Amino acid sequence: MAQKYTILFDLDGTLVDTAPDLMNAHNHVMKKYGYPTKSTEDIRNLVGQGAGAMIGRSIWGQAKKEFGKIDDQKIKADMVKEFVSFYGNNIINESTLINGVKEFLKWCKEKKISMAVCTNKQEHLAIDLLKKIGIYDYFEYVAGSNTFDYCKPDPRHITSIIEILGGDIKKALMIGDSETDANAARAASVPVILLENGYTEKNTDEIYHNHLIKDFIGVEKIVSTYLKD
């Protein structure tokens, strides 16, 4: 029997445009703690590495107040906790599936491709979002930033999932939208399908990829070339 193929998906900006709800949660926290709020476009540039990194990059990139190192970490931790709580209660108010996602997932299922989510979102938030937006059942595994002791761009985030699924690293693909996804996949020797205009500050030509797509319409053609191997 031929080894099955495995596709790993990032979540934010790849499967789901979560920026509006992330922005609302981010701005809720910023207002509460007296920091400037951000636009949806700003949030798209911040979210790739998870809530902690997003809050940190937003605040410490422009904060005018000076805190000692210990206070910094405590305040940041409190803000992240507040963010996760608010976001968890408002996770699907405005978030939408990226164009063509559900049709592509159905096609993969028909082709007996194993699918998993590899995200730097906290695992419980990722699962909740996938369930509420109606695509959770397509995936055999969901790994968040806190599932293992490491996460993207560490390649083990990818290789551990493939191992858990009983897959083969040589028969796997990563679909993502940022350098966090691309760098993890590259280090794991897994080809990358990159979405344009991802949740990143970098331009597409600055991010490693094997294929570039604007959404999931027609991605079956790309994946089919790998299934022939």
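Refer to the structure above for everything that follows.
The rules we used
Residues numbered from 1 in each chain as written. Predicted model: local features only at pLDDT ≥ 70, side-chain atom pairs only at ≥ 80, totals over all residues. Heavy atoms only, no water. Pairing = 2+ DSSP bridges. Helix = DSSP H or I, 4+ residues; strand = E, 2+ residues; numbered from the N terminus. Axes fitted to C-alpha atoms, helices over the stretch in contact; angles between N-to-C directions. Polar contact = N/O pair within 3.5 Å; in protein donor to acceptor, adjacent residues only side chain to side chain. Contact = heavy atoms within 4.5 Å. Buried < 20%, exposed > 50% of the residue type's maximum accessible area, 1.4 Å probe, protein only. Arc of directions from axis to C-beta. Salt bridge = Lys/Arg side-chain N within 4 Å of Asp/Glu carboxyl O.

**Re the sheet that holds strand β6 (residues 172–176)**
Whenever strands of a sheet pair, they do so through backbone hydrogen bonds, lying parallel or antiparallel.
Point 1. Read from one edge of the open sheet, six strands run β5-β4-β1-β6-β7-β8, paired in parallel fashion. A single partner strand is all that each edge strand has here, and the edge strands are β5 (141–143) and β8 (211–213). Taking each pair of neighbouring strands and ignoring which way they run, the sheet shows an average axis angle of 20°.
Point 2. Here strand β1 (residues 6–9) pairs with strand β4 (residues 114–118) via four bridges, running parallel.

**Details of the side chain of serine 160**
Point 1. Mapped onto the secondary structure, serine 160 falls in helix α7 (residues 156–164).
Point 2. Of the polar contacts made by the side chain of serine 160, one reaches the backbone oxygen of arginine 156; its length is 2.8 Å.
Point 3. Leaving out residues up to four positions away in the same chain, serine 160 has contacts with Phe148 and Tyr150.

**Side note on helix α9 (residues 219–227)**
Residues spaced three or four apart along an α-helix point in a common direction, a consequence of the helix completing one turn every 3.6 residues.
Point 1. Along α9, the positions that sit buried rather than exposed are Val219, Glu220, Ile222, Val223 and Tyr226. An end-on view of α9 places all buried positions within 160° of arc, on one side of the element.
Point 2. Here the buried face of α9 lies against β1, α5 (101–110), β6, β7 (192–195) and β8.

**Digging into the pattern of salt bridges**
Point 1. Applying the stated criterion across every chain, the model contains eight salt bridges.
Point 2. For lysine 132, the salt bridge is made with aspartate 128, and the minimal N-O distance between the two is 3.1 Å. Here lysine 132 and its partner aspartate 128 are both found in helix α6 (residues 123–132), four residues apart, which amounts to about one turn of the helix.
Point 3. Given a relative accessible area of 24%, aspartate 128 falls into the partly exposed group.
Point 4. Here aspartate 181 ties to lysine 152 by a salt bridge, and the two come within 2.6 Å at their closest N and O atoms. Note that aspartate 181 is positioned in helix α8 (residues 179–187) and lysine 152 in the loop between β5 and α7, a separation of 29 residues in sequence.
Point 5. For aspartate 181, a relative accessible area of 1% puts it in the buried group.
Point 6. Put simply, Asp10, Lys152 and Asp181 are held in one network by salt bridges that share partners.

These figures come from the coordinates and say nothing about function on their own.
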